[in-house]
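Each chain is listed here by its residues.
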Amino acid sequence: MSLDPDDWSAARDQARRMLDGVFDHLESLRDQPLWQAPPDELRAQYREPLPTGPAGLSELGDLFQTAIRPYSSGNAHPGFMGWAQGGGTVAGLVGEMLAAGLNANLGGRDHMPLEVEQQIVHWTRQMFGFPEAATGLFLTGASQANFLAVLIARMRALGPHVRHAGVAQSDRPLIAYASRAVHGCVGRAMDMAGLGEGQLRLVATDDRGRIRLDVLEAAITADRGAGALPFLVVGSAGTVDIGAVDDLDALADLAAVHDLHFHVDGALGALGVLSPALAPKFKGIERADSLAFDWHKWGQTPYDAGFLLVRDGELHRRTFASEAAYLQRADRGLAADGWWPCDYGPDLSRGFKALKTWFTIKTYGAAALGEVMANTCVLARELAGRVAAEPDLELMAPVELNIVCFRFRAGTPAEADALNAGIVADLQEAGRVAPSLTRLDGRTAIRAAIVNHRTELRDIEALATSVLALGRAALSRSASAA
Ligand SMILES: *Cc1c(COP(=O)(O)O)cnc(C)c1O
C-alpha cells in the first residue's frame, strides 16, 4: 500500500498553500508577538490517543497555522536576543524543503548529496586554514561536535586499543582543560566519553573572560607531576555567557609544548572568520586539531546544523570506523568506496543538512554572511554604549563580539537579582524583545545575544528603553509599598 496521494494535483495545491503560509509568516514576523505561552487547551490537544485513521493535509495545515506556528519559540523574530540562536533564512527554508523531498540518507554510498556535504567540508577547510587532509561532517550541533572531539582526543592519547578495552586499560587518568567559562556540553562530553566530568579542569579567566595561560600551565604541570595524563585543551572562540575569545594562538603553542590535542569550541563565534573585521580575533584557530561550530547560530542556517572539522582526517576515521558486512564497500555500484560519513561519527542514518547550508552560503555569499555577523557586533556595541550612558544600568561584562550582559541597578545584590529576573520574564511575556538571563560572578545579568540577521537598531533601542521603564516601575512600586 503506497502512502502517495490519490490526487497529486490536490496535494500540490495544498502544499503550495502551506508554503504561502510560511512566507506570510516570515514576511510579517515583526508584526507578530515574538513569543506567547501555549494555552493549556491547545497543549491538551497534543495528548490525544494515537490516531489510527487518516486526516487530510489541509486540516493539518490549518492546525499548524492556528495551534503551532503562533506558539513557537520566537528565535526567527527580530527582537529575539535570548540565548544564542540564529534566525533562519528563505534560502535555508527552500534547501530544507528540497532535502525533505529527496529524502537522501547521507550515512554513505555513492551519490551527489554527499558531494554537496564535501563541498561544505572543502569550504570550511578554506575558511579556517585547515589542510586538505582535514575531514569534517555535519552533526546536530556543537554539543555533539564537542563530544566527538573529546573521543578523537581520547583516541589520540590512548591509541586504537581504547576502542576495544575502554578507558579502564589506562593506568593514568586523562585530564582535559578549558576555561571556567567553557560551555557545559564539554563537561558532559567528558562524562559521556567515560572520562568523567570531574577530569575537566576549569581554569580561571582574566578580566576579558579569557583562559589564564599561567594558571593553565601550572595545572598541567601539577597534574603531570601527580601521575595523570593531560590530553586535551579546549579553547573557546566565543564563550556562551559573554562571547569572550581565548588567545587561540597561545593555546596552540601551549598544546604543542605539552603534547595535548587542541580543540576549539567555536559554536558561538568561529564563523566570524567570514568577516574581515572580526577574523583577527580568532587568530590561531587555523592551528586547532579540531573545531566545533554551528551553522544554525551566526550562520543563519535553519536548525539543526552543527559541524566538526578535524585536522588529522585519519585519526578522525580511526576513532569511529568499524567493519560490518552490511556496510561492505564495493568496486562499483551504489556501494562504491569513497567518503562514507558513518566512518567519521556515531550516526549511520544522516539527513541532508548540507543542502540548506549550501543554499544559504550560495544564495547570500560568504561576504554577506560575514557582514551580518559584523553588524550584530556593531549593534552589541551600540547597546553597550547605551548601557554605559545610563546611570540606572550597569554593564556586567566586556563586549567582545555580539553579546551584552548588563543589569538594572537596584538595592541590595539580592534585590537587584530578583528585579532583573522579573524584567526579563516581563519582556519575554510582552513579546516585543526577548533577552535571557545568566549569572556572572554570582550576580544575575540580563543577557542580550544578538545573533539574528533581522535584528536592527530599533530593536536594541526597544530593549534598552523597556528595561529602563520596567526597572523604574518596579522601583517605584516597591517604594510605594514600603
Ligand atoms: C550553543 C553553544 C554550544 C552548544 O551548541 P549546540 O549547537 O546548541 O549543541 C556549545 N558551545 C558554545 C560556546 C555555544 O554557544
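The following refers to the structure shown. These numbers come from a predicted model, not from an experiment. (Residues numbered from 1 in each chain as written. Predicted model: local features only at pLDDT ≥ 70, side-chain atom pairs only at ≥ 80, totals over all residues. Heavy atoms only, no water.)

1. Some points on the side chain of Arg 125
Let me state the cut-off plainly: For the purposes of this entry, the term helix denotes a DSSP run of H or I that reaches at least four residues, the term strand denotes a run of E that reaches at least two, and both are numbered from the N terminus. We call a residue buried when its accessible area falls under 20% of the maximum for its residue type, exposed when it is over 50%, and partly exposed in between, using a 1.4 Å probe and counting protein chains only.
For Arg 125, the location among the structural elements is in helix α5 (residues 112-128). Arg 125 sits in the buried class, given a relative accessible area of 9%.

2. Focus: the packing of aromatic side chains
Aromatic ring pairs are described here by two measures, namely the spacing of the ring centres and the angle between the planes. Quick reminder of the rule: When the centres of two rings from Phe, Tyr and Trp lie within 6.5 Å, Trp using its six-membered ring, the rings pair. Their planes under 30 degrees apart give stacked, over 60 give edge-to-face, and anything left gives tilted.
Applying the stated criterion to the full structure yields seven aromatic pairs. When the ring of Phe 293 is compared with that of Phe 307, the centres are 5.3 Å apart and the planes differ by 35°; the resulting orientation is tilted. Remark: Phe 307 occurs in strand β7 (residues 306-310) and Phe 293 occurs in strand β6 (residues 290-294); sequence separation between them is 14 residues. Considered together, Phe 293 and Phe 307 belong to a single accessibility category, that of buried residues. Here Trp 358 and Phe 359 contribute two aromatic rings whose centre-to-centre distance is 5.6 Å and whose plane-to-plane angle is 75°, an arrangement assigned as edge-to-face. Taken together through their ring pairs, the aromatic side chains of Phe 128, Phe 138, Phe 293, Trp 295 and Phe 307 make up a single cluster.

3. Focus: the site of the ligand
Going by this rule: Here a residue is near a molecule or strand as soon as one of its heavy atoms is found within 4 Å of it. Identification of polar contacts relies on pairs of N or O atoms within 3.5 Å, with a donor-acceptor requirement for protein atoms, meaning one able to donate a hydrogen and the other able to accept it, and with residues adjacent in sequence counted only if both atoms are side-chain atoms. Residue burial considers only the protein chains on display, and all accessible areas are found by Shrake-Rupley using a 1.4 Å probe. For this scheme, ten residues count as nonpolar: Ala, Val, Leu, Ile, Met, Phe, Trp, Tyr, Cys and Pro. Four count as charged, namely Asp, Glu, Lys and Arg, and the remainder, Gly too, count as polar.
Close to the ligand lie 13 residues, the nearest being Ser 143, Asp 265, Asp 294, His 296 and Lys 297. One nitrogen or oxygen atom from the main chain of Ala 142 is found 3.0 Å from an oxygen atom belonging to the ligand. The separation between an oxygen atom of the ligand and a polar side-chain atom of Asp 294 is 2.6 Å. Within the complex, 84% of the 380 Å² of free accessible area of the ligand lies under protein. Of the residues belonging to the shell around the ligand, the class tally is five nonpolar, five polar and three charged.

4. Re the sheet that holds strand β2 (residues 174-179)
Definition in use: Two strands are said to pair when DSSP picks up at least two bridges between them. Lines fitted to the C-alpha atoms define the axes, with helices restricted to the stretch that makes contact. Angles between their N-to-C directions range from 0 to 180 degrees.
Read from one edge of the open sheet, seven strands run β1-β7-β6-β5-β4-β2-β3, paired in mixed fashion. Edge positions in the sheet fall to β1 (135-139) and β3 (200-203), since each of these pairs with one other strand and no more. In this sheet, adjacent strand axes meet at a mean angle of 20° when their direction is disregarded. Where β6 meets β7, five bridges bridge the pair, whose relative direction is antiparallel. Within β7, the position partnered with Asp 294 by the bridge is Gly 306.

5. Points about the pairing of strand β4 (residues 229-236)
Among the eight residues that make up β4, eight are buried, leaving the element largely enclosed by the rest of the structure. By the bridge criterion, five bridges tie β2 to β4 in an arrangement that is parallel. Bridge pairing links Tyr 177 to Val 233 in β4. Pairing analysis gives five bridges linking β4 to strand β5 (residues 261-265), with the strands arranged parallel. The residue of β5 that forms the bridge with Val 233 is Phe 262.

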